[in-house]
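Letter by letter, the chains look like this.
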Amino acid sequence: MHRKSSRTPVLSPVAAIVLALLLCLSAAAQAQGSAGLSCGPEDPQQPGSSGGASAAPEPECWEGTLQALAEGNIYNDTADGKFKFTAADDDTVNGNAHIRMSHAPATMLGGCIFTRSQDPEEFDVTIDGRRNGDLFELNFGTALATYTINSQCQGRSFTGSIAGMDVFMGGSDLVLRDNRPALQGGPAKVPAEDGSTTLHGSPGGDLRMTATIQITCKRGCILPRAAD
């Protein structure tokens, strides 16, 4: 009779140190990414506070959420994101966003079912644009991904990969792209109002792409004037 070993695998000292360093780096990266999407507290050393008369004012800062959906053709994608941006005195806007994609099966005419994934599924993009009166015009950046697509159609299945695709499929109408000879997509026109929620995209057609954006004033925001 063979006895099962009750010994627990033990890491060598070197392996333990390497593992600890990896865990620390992972936690630091997560903390840094989270902090990058927050406006943070207002600096007390600002004009109007004691001892801060010579400090330059911080730019107005907004935080927001984005939920996008792409349906039609082989796509059934959802994008969930958080973002932050600042608006300078010259009305230019700069910020960044973290987006997470998810996918569900899509059924085309004839009953063919497509499922897909992409690498990466989570990614960071930049935001630029400007404030135009009481509207923010926001352009969300993009990157490239590799799609892996599985299809089942008429009793046959196929799996293939395509590189160099839009990583932000669920929000493509918000992405300013160089589709020569003209630029296409973007910007998302968002009212500069605390708590404003807007719908963007193309809700009709073969490929429907919509995005809901909500923004919240966090610091020094210039809000629209109330109607007289």
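The numbers attached to residues start from 1 for each chain and follow its sequence in the written order. Selection of residues for local features in this predicted model requires a pLDDT of at least 70, selection of side-chain atom pairs for listing and counting requires 80 or more, and totals for whole chains, interfaces and linings are taken over all residues. Think of the side-chain values as coming from all heavy atoms in the structure, minus any hydrogens and water.

A look at the pairing of strand β1 (residues 60–72)
Part 1 of the argument: By the bridge criterion, 13 bridges tie β1 to strand β2 (residues 75–87) in an arrangement that is antiparallel. Looking across to β2, one finds that A68 is bridged to A79.
Part 2 of the argument: Connecting β1 to the next strand, β2, in antiparallel fashion are 2 residues, including N73 with a positive phi near 60°.
Part 3 of the argument: Here 11 bridges tie β1 to strand β14 (residues 208–219), and the two strands are oriented antiparallel to one another. The criterion for strand pairing is that DSSP finds at least two bridges linking the strands in question. Only runs of H or I of at least four residues qualify as helices and only runs of E of at least two qualify as strands under DSSP, and these elements are numbered from the N terminus.

Some details on the environment of P105
Part 1 of the argument: Along the chain, P105 turns up in the loop between β3 (92–103) and β4 (106–107).
Part 2 of the argument: In this structure the C-alpha to C-alpha distance between P105 and Y75, which are 30 residues apart in sequence, comes to 7.8 Å.
Part 3 of the argument: Working rule for contacts: check all heavy atoms of both residues, and any pair within 4.5 Å makes them a contact. Leave out the neighbours within four places in its chain, and P105 touches N76, I113, F114 and T115.

Examining the state of the cysteines
Part 1 of the argument: Any pair of cysteine sulfurs within 2.5 Å is marked as a disulfide. This model, assessed by the stated rule, comprises 3 disulfides.
Part 2 of the argument: Sulfur-sulfur distance for the disulfide between C39 and C61 comes to 2.0 Å. Its S-S torsion of approximately -85° makes the covalent link between C39 and C61 left-handed. Separated by 22 residues along the polypeptide, C39 in the loop between α1 (13–35) and β1 and C61 in strand β1 bring together distant segments of the chain.

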